[in-house]
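As a plain string of letters, each chain reads:
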Amino acid sequence: MVDSNLLSFFIVLQVVSFLLTWKFYVAAGRKAWEAAIPIYKTYVMMGIIQRSRWQTVLFFIPVVSNVMTIVMVYELLHVFNYRKLSHTLLSIVTLGLYLGYINYTAKLNYVGKSEQNIKKTVGELGSSLIFAIVAATVIRAFTFEAYTIPTPSMEKSLLVGDFLFVSKMHYGSRLPVTPLSVPLVHNKIPLTTLDSYLDWVQWPYIRLPKISTLNRMDPVVFNYPAEDIRPINMEGKVRPIDKGENYVKRCVALPGDTFSVRDGFVHIDGVKEVFPDRAIPQFNYRVRLSPDFNQKLLKKNYDINIQEAQVSPFSNQTVLPAPITAAEEISGLAGVQKFEADIATEPHQGGIVFPNTQHQEVVRWSRDNYGPLYIPAKGATIQLNEQNYYTFKRVIEMYDSPEMRSLTKEGDAYLLDGKPIKTYTFQQDYYFMMGDNRHMSDDSRFWGYVPEDRIVGKPVFIWMSWDSFGESFMEQVRWDRVFTTVSGEGERKSYFWHFVVFVVLFSIGNRYYKKQKAKKAA
């Protein structure tokens, strides 16, 4: 079903566009009606401004179209001899009204394109910059995007200071939903507190064909869906689905799973989780060290930073995050007097967990003993009851429809937008995400499900890793992580020196080729 507001916006946009430009078409030797046909008019315009016809496609890629529209306005004015940048700026500032003013008041004279004048006015740098912005925006939207790990929620699998490439293609590239956005930034204009987008127009959620399915235990980047109820260093607003803060966690439960946590370990349908080779989960451990214990051993042998020690919110003991695979070995070290997992055994220990709220207790779970909880699957139907009403209320109201809805309970009756319902069928898949650093992760245990339309991509490659606790430059660069893949079998392998050798050989070969070419020319 086409959104009525979106359809209305599209119609108004087409009508206004026709009214502002039709005389330009006529003056260029085209027919007035050609300015009124969606898509075709853009194809014709490419001929008028003497651009390659294939670039018509760029005008229908959200966000990229913003840049291309500015380019089109500049070049349309240019071919009619309005070649000062002030004309373009006035057209942009007035949202096209200045273009309409010229359209109706000036005697339009089509003179064609002057590459020399464009180079003089915009310059080689300007033209290259526009091309780079368009190309980078397309790459960022549909293929790969660079991210940095800012928090320790995924340690020791993904570390603070890891610089990642995230593949948008693995789970299917999501087309931009918010087209009125500044290119190459996420939800804030750099160095300001201003949003980088306008949410006046929202395109429907569409995802291109995927390379692979989202599997249990995959690391995933997604848009945080709960900023309005659990703002962590955020403004606490409802953002468009593609403008929520970027989070990276591990997908621990898929649509249709029954999820639970027992003493810190995830169980799916009653079966304990099995971590992939490169996943290194951490717990907080209650620790007591003797005064003569060499704390540098923890950093050297286990990459544990003693500076990260803190007080447990419920046991009031000093705790230190450490890999669960090293816990037994560390507890046996001389000088380690105590080293035991800081497991939350009582309800509500470790924070308010979903679906509880500050004002509503629905379950008596904790971060380490949680569930069972059903993960909604697209097409699955549930019978609404008092037990699941609070669990699925936010899903039904906020996530499962393009428009916000209201689910209320009156006695034993359930009303969706005022209409009584007894059952509900989910419209999309949902996932449950957790950090590998199980006691230092803000994840689905605290704010609930991640809708399928919030999935961004899969981390695939670490191109740099920086350890701020290192004592020298050589120790600050984690050389064993540079140019490594995120997932895979066996231990992580660096391809950095392979890359260096390739660059050197390519440079030598390229220089040799140029010399040979110069000799032949001589």
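Draft legend 1. Layout of the overall build of the protein chain. Along its length, the protein chain carries 13 helices and 21 strands. The principal-axis extent of the C-alpha atoms belonging to the protein chain is close to 90 × 80 × 35 Å. Considering only residue pairs separated by 6 or more positions, the protein chain has 66% of its internal contacts joining residues 24 or more positions apart. Surface exposure of the protein chain reaches about 27600 Å², of which carbon and sulfur atoms provide 60%. Seen as two clouds, the 58 positive and the 50 negative side-chain charges of the protein chain have centres 12 Å apart.

Draft legend 2. A look at the environment of Ile324. Take Ile324: it is sitting in the loop between β10 (318–323) and α9 (327–331). Counting along the chain gives 44 residues from Ile324 to Ile280, while the straight-line C-alpha distance between them is 7.7 Å. Setting aside residues up to four positions removed in sequence, Ile324 forms contacts with Phe265, Pro281, Gln282, Phe283 and Tyr285.

Draft legend 3. Molecular detail of the nonpolar core. If you look at the biggest cluster of nonpolar residues, it comprises 50 residues, and the most contacted ones within it are Phe259, Tyr370, Phe432 and Ile455. For this core, the leading source of residues is helix α10 (residues 389–399), giving six residues. Filtering out sequence-adjacent residues up to four positions away, Ile455 remains in contact with Tyr171, Arg174, Arg207, Leu214, Val220, Val221, Phe222, Tyr431, Met433 and Val450.

Draft legend 4. A look at the sheet that holds strand β11 (residues 336–341). Spatial strand order, β9-β10-β8-β11: four strands in an open sheet with antiparallel pairing. Two strands in the sheet have a free side with no partner beyond their single neighbour: β9 (310–311) and β11. Judged from the two bridges that link them, β9 and β10 form a sheet pairing that is antiparallel. Residue Val311 lies in a different strand from β10, and its bridge partner there is Thr318.

Draft legend 5. Quick look at helix α3 (residues 64–79). Compared with the 22 Å implied by 1.5 Å per residue over 16 residues, the 23 Å span of α3 between its first and last C-alpha is a close match. Counting buried residues along α3, 13 of its 16 residues qualify, which places the element largely inside the surrounding structure. In the stretch just after α3, Asn81 is the one whose phi turns positive, near 70 degrees.

Draft legend 6. How the structure looks around unusual backbone geometry. A cis amide bond, omega 5 degrees, links Glu155 with the succeeding residue Lys156. Here Lys156 is to be found in the loop between β1 (144–148) and β2 (162–167). In this structure, Asp269 takes a positive phi of about 50 degrees despite not being glycine. Position of Asp269 relative to the elements: it lies in the loop between β6 (265–268) and β7 (271–272). What makes Asp269 exposed here is its relative accessible area of 52%.

Draft legend 7. Here's a closer look at the pairing of β1. On β1, burial follows the alternation: Glu145 and Tyr147 on one face are buried, whereas Phe144, Ala146 and Thr148 on the facing-out side are not. Here β1 pairs with β2 via five bridges, running antiparallel. Its bridge partner lying in β2, Phe144 is registered against Ser167.

Draft legend 8. The side chain of Asp400, seen in detail. Within the secondary structure, Asp400 is located in the loop between α10 and β14 (407–410). No salt bridge is formed by the buried Asp400; its nearest oppositely charged neighbour, Arg405, is found at 4.5 Å. In this structure the side chain of Asp400 is engaged in a polar contact, spanning 2.5 Å, whose partner is the side chain of Tyr424. Leaving out residues up to four positions away in the same chain, Asp400 has contacts with Val395, Arg405, Tyr424, Thr425, Phe426, Gln427, Gln428 and Tyr430.

Draft legend 9. Examining the packing of α3 against helix α4 (residues 85–93) more closely. Between α3 and α4, whose axes approach to 9 Å, the crossing angle comes to 135 degrees. By the angle between their directions, the pair α3 and α4 is classed as oblique. Classified by chirality, the crossing of α4 by α3 is right-handed. Across the interface between the two elements, Ile70, Val73, Tyr74 and Leu77 from α3 touch Leu85, His87, Thr88, Ser91 and Ile92 from α4.

About the cut-offs
- Here the residue numbering is sequential within each chain, running from 1 through the sequence in written order.
- It should be noted that, the model being predicted, local features are given only for residues of pLDDT at least 70 and side-chain atom pairs only at 80 or more, the latter also being counted only at that level, while totals for whole chains, interfaces and linings use all residues.
- The side-chain values count all of the structure's non-hydrogen atoms but skip hydrogen atoms and water molecules.
- The way it works is that DSSP assigns letters per residue, a run of H or I at least four long becomes a helix, a run of E at least two long becomes a strand, and they are numbered from the N terminus.
- Note on definitions: a residue-residue contact is assigned when non-hydrogen atoms from the two residues lie within 4.5 Å.
- All accessibility values rest on the Shrake-Rupley procedure with a 1.4 Å probe; residue burial counts only the protein chains present in the view.
- His is not counted, nor are the chain ends; Lys and Arg add positive charge and Asp and Glu add negative charge.
- A single reference atom marks each charge: NZ on Lys, CZ on Arg, CG on Asp, CD on Glu.
- Take the buried residues of types Ala, Val, Leu, Ile, Met, Phe, Trp, Tyr and Cys, join any two whose side-chain atoms come within 4.5 Å, and each joined set is a nonpolar core.
- Burial classes follow relative accessibility: with a 1.4 Å probe on protein chains only, a residue under 20% of its type's maximum area counts as buried, one over 50% as exposed, and anything between as partly exposed.
- Being paired, for any two strands, means DSSP has found at least two bridges between them.
- The span expected for a helix works out to 1.5 Å for each residue beyond the first.
- By convention in these notes, a salt bridge is any Lys or Arg side-chain nitrogen within 4 Å of a carboxyl oxygen on Asp or Glu.
- Nitrogen and oxygen atoms within 3.5 Å of one another constitute a polar contact, given that in protein one can donate a hydrogen and the other can accept it, and given that sequence-neighbouring residues count only through two side-chain atoms.
- Lines fitted to C-alpha atoms define the axes, with helix axes restricted to the stretch in contact, and inter-axis angles between N-to-C directions lie between 0 and 180 degrees.
- Working definition: roughly parallel below 35 degrees, roughly antiparallel above 145 degrees, roughly perpendicular at 65 to 115 degrees, and oblique for all remaining angles.
- The crossing is said to be left-handed when, going from far helix to near helix, the turn is anticlockwise and less than a right angle, and right-handed when the turn is clockwise.

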